[in-house]
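The primary structure of each chain is shown beneath.
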Amino acid sequence: DWSRDRMSLKSLLQQFLPAPAYRLLANGRHKIRGVETGVRDLLARLGGDTVVCRVRGRTIRIRVSNHLEKSRAETYATKEPDTLEWIESRLRDGDVMFDVGANIGLYTLFAASSRPLARVFAFEPESQNFSRLCGNVMINDLRNVVPCCIPINDLEKFDYLELYEFVAGSSCHG
């Protein structure tokens, strides 16, 4: 299930600022010029709304700006239950996981939040998806994810990436 997460500016600042800087702002005695604008600019660059997905007992935030991302958020817990089960039952602390064709990062986010001591490499060559993947990793504060904007192939060569659509959340590229 998913719902809009209407984060207040206070909760955004708390999430994105280092604790000492947040405490300075929160006690009301200090003002840091430009912080509010900076947070809003950051969110504007990420684009879309933040939705909260509840997946197998975990809360995962996702930025949603179009019908494809909305559909991915709505079906997060139900579209590939076997993949979620595999991650949940097989991934252990200290493991390394490669999410090849990570798209906007749903399985990367699930794996990284399930096992904070595992390392997840998320490979996504398409720029719109990669940008959203990085934003999703950031808003979930996952420090065990390494986003990689490169394709994985059985051949070592430069080649074309043919795009089906140039929209975040799209797939079926070749």
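Peer 1: Would you mind showing me how to read the environment of D93 here?
Peer 2: Within the secondary structure, D93 is located in the loop between α5 (81-90) and β4 (96-100). The spacing of D93 and P116 is 23 residues in sequence and 7.2 Å in space, taken between C-alpha atoms. The contacts of D93, once residues within four sequence positions are left out, are R115, L117 and A118.

Peer 1: It is not clear to me how the sheet that holds strand β5 (residues 119-123) should be interpreted in this structure. Could you clarify?
Peer 2: For sheets, the rule is that strands pair by backbone hydrogen bonds, running either parallel or antiparallel. Strands sit in the order β4-β5-β6 across an open sheet of 3 strands; the sheet is parallel. The open sheet terminates on both sides in strands that have one partner only, identified here as β4 and β6 (145-148). Ignoring strand direction, the axes of neighbouring strands in this sheet form an average angle of 15 degrees. The sheet contact formed by β5 and β6 spans 4 bridges and is parallel. Within β6, the position partnered with F123 by the bridge is C148. On the sheet, helix α7 (residues 127-139) packs against β5 and β6 and is oriented at approximately 165 degrees with respect to β6.

Peer 1: Where do I start with a nonpolar patch on the surface in this structure?
Peer 2: Taken together, the side chains of V96, F98, V100, I150 and I152 make up a nonpolar region of the molecular surface, amounting to roughly 490 Å² of accessible area. Within the fold, V96 resides in strand β4.

Peer 1: When you look at the confidence of the model for the chain in this model, what are you seeing that I'm missing?
Peer 2: Low-pLDDT stretches of the model should not have their predicted coordinates read in fine detail. Per-residue pLDDT for the chain has a mean of 81; in total, 69% of the residues score no lower than 70. Ranking the helices and strands of the chain by mean pLDDT puts helix α6 (residues 106-114) first, with 98, and strand β1 (residues 2-4) last, with 43. Note on residues 1-7: pLDDT under 50 across the span, and 22 contacts to partners over four residues away in sequence or across chains.

Peer 1: How do you make sense of α6 when you look at a structure like this?
Peer 2: An α-helix turns once per 3.6 residues; consequently, residues spaced three or four apart project the same way. Counting buried residues along α6, 8 of its 9 residues qualify, which places the element largely inside the surrounding structure. Listed in full, the buried residues belonging to α6 are L106, Y107, T108, L109, F110, A111, A112 and S114.

Peer 1: What exactly am I supposed to notice about the pattern of salt bridges here?
Peer 2: Where charged atoms of side chains with opposite charge meet at close range, the side chains can pair. All chains considered together, the criterion is met by 8 salt bridges. Between R132 and E69 there is a salt bridge whose closest N-O contact spans 2.6 Å. Separated by 63 residues along the polypeptide, R132 in helix α7 and E69 in helix α4 (residues 67-74) bring together distant segments of the chain. You'll find R132 and E69 in the same group, each marked buried. Across the pair D159 and K157 runs a salt bridge whose closest N-O atoms are separated by 3.2 Å. Taking relative accessible area as the criterion, D159 reaches 53% and is therefore assigned exposed.

About the criteria used
Residues numbered from 1 in each chain as written. Predicted model: local features only at pLDDT ≥ 70, side-chain atom pairs only at ≥ 80, totals over all residues. Heavy atoms only, no water. Helix = DSSP H or I, 4+ residues; strand = E, 2+ residues; numbered from the N terminus. Contact = heavy atoms within 4.5 Å. Pairing = 2+ DSSP bridges. Axes fitted to C-alpha atoms, helices over the stretch in contact; angles between N-to-C directions. Patch = residues over 30% accessible without salt bridge, like charges linked within 9 Å, V, L, I, M, F, W, Y side chains within 5 Å. Areas by Shrake-Rupley, 256 points an atom, 1.4 Å probe, with all protein chains shown as cover. Salt bridge = Lys/Arg side-chain N within 4 Å of Asp/Glu carboxyl O. pLDDT = per-residue confidence, 0-100. Buried < 20%, exposed > 50% of the residue type's maximum accessible area, 1.4 Å probe, protein only.

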